[in-house]
Amino acid sequence: MRPRIRAARTDDLAELVALDAACFGSAAWSEVAWADEFDRLSEDRVVLVADEGAIAGYVVLLVPPVVLDVVEVLRIAVAPAERRTGVGGQLLTVALDRCTGRTVLLEVAAGNEAAIGLYQGFGFVEISRRSGYYAGGEDAVIMRWREES
Ligand SMILES: CC(C)(COP(=O)(O)OP(=O)(O)OC[C@H]1O[C@@H](n2cnc3c(N)ncnc32)[C@H](O)[C@@H]1OP(=O)(O)O)[C@@H](O)C(=O)NCCC(=O)NCCS
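Each residue is numbered by its place in its chain's sequence as written, counting from 1. The predicted nature of this model means local features are confined to residues of pLDDT at least 70 and side-chain atom pairs, given and counted, to a pLDDT of 80 or more, with totals for whole chains, interfaces and linings taken over all residues. Calculation of side-chain values draws on the structure's entire complement of heavy atoms; hydrogens and water are dropped beforehand.

Draft legend 1. A look at the nonpolar core. Residues Tyr119 and Phe124 are the most contacted members of the largest nonpolar core, which totals 27 residues. In this description a helix means any DSSP run of H or I spanning at least four residues, a strand means any run of E spanning at least two, and both kinds are numbered starting from the N terminus. Breaking this core down by element, the ones donating at least two residues are strand E2 (45-52), strand E3 (54-62), strand E4 (70-78), helix H3 (87-97), strand E5 (103-109), helix H4 (113-121) and strand E7 (140-146). Throughout, nonpolar core names a set of buried Ala, Val, Leu, Ile, Met, Phe, Trp, Tyr and Cys residues whose side chains join them through atoms within 4.5 Å. The classification of residues rests on relative accessible area computed with a 1.4 Å probe and restricted to protein chains. Under 20% of the type maximum is buried, over 50% is exposed, and intermediate values are partly exposed. Listed in part, the 16 residues of the second largest apolar core include Trp34, Val47, Ile55 and Ala79.

Structure below.
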């Protein structure tokens, strides 16, 4: 079933906490951190979920006031069993649709081939690296997307 991409609701919180733990393990956001994201929905956060009855994936954006033209992708993940079926691409398509006229930045571990492959497919390009940024010494790659004119 092709999921419906929709804005997250507060009653998604428990499901998102559990899915984030399944996707990121020790690097998962706590329930408090997720609740904080929800508290910011009226300010500068956008949380989209891929709804298949259960939540198959999600993306979290930092969208500052319009005077600042840079949007940041803070998180994107898809349930392990649903990967490579296009859900991540669907989430990113809807997310980028909301970024017309803006620059989008994200940071990704240099060895995360799946995520980098996804981002490159949307036209993200590497603009810099933070050497040894992650625990374990892995580099962070900073990638940028701009709507093609
Ligand atoms: C990155 C992630 C969100 C991709 O989601 P997904 O639903 O599997 O992605 P899609 O099925 O839409 O794939 C789109 C494209 O991304 C690339 N891609 C996805 N998974 C890949 C993999 N394992 N290896 C290489 N390229 C991959 C491919 O180009 C793919 O297109 P294709 O299937 O036509 O070849 C998913 O792997 C994930 O949740 N990873 C763990 C969390 C994470 O690392 N998040 C990013 C850092 S915050």
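On we go.
Draft legend 2. Summary view of the UniProt feature "domain: N-acetyltransferase" (unreviewed entry) in the chain. The feature "domain: N-acetyltransferase" (unreviewed entry), as annotated in UniProt, sits at residues 3-148 in this numbering. Taken end to end, residues 3-148 comprises 28% helix and 34% strand; its first and last C-alpha atoms sit 27 Å apart. UniProt positions are given in the numbering used here, feature names are shortened, and annotations may be inferred rather than shown by experiment.

Draft legend 3. Representation of the packing of aromatic side chains. Centres within 6.5 Å are what make two rings of Phe, Tyr or Trp a pair, Trp counting through its six-membered ring; a difference in plane orientation under 30 degrees is then read as stacked, over 60 as edge-to-face, and the rest as tilted. Summed over the entire model, instances satisfying the criterion amount to four aromatic pairs. When the ring of Trp34 is compared with that of Tyr58, the centres are 5.4 Å apart and the planes differ by 80 degrees; the resulting orientation is edge-to-face. With Trp34 in helix H2 (residues 31-39) and Tyr58 in strand E3, this residue pair connects regions lying 24 residues apart in the sequence. Accessibility classification places Trp34 together with Tyr58 in one group, the buried group. Judged by centre distance (5.2 Å) and plane angle (85 degrees), the ring pair of Tyr133 and Tyr134 falls under edge-to-face. Classification of Tyr133 by relative accessible area gives partly exposed; the value is 43%. Tyr134 gets classed as partly exposed once you look at its relative accessible area, which sits at 24%. Among the aromatic residues, those joined into a ring-pair cluster are Trp29, Trp34 and Tyr58.

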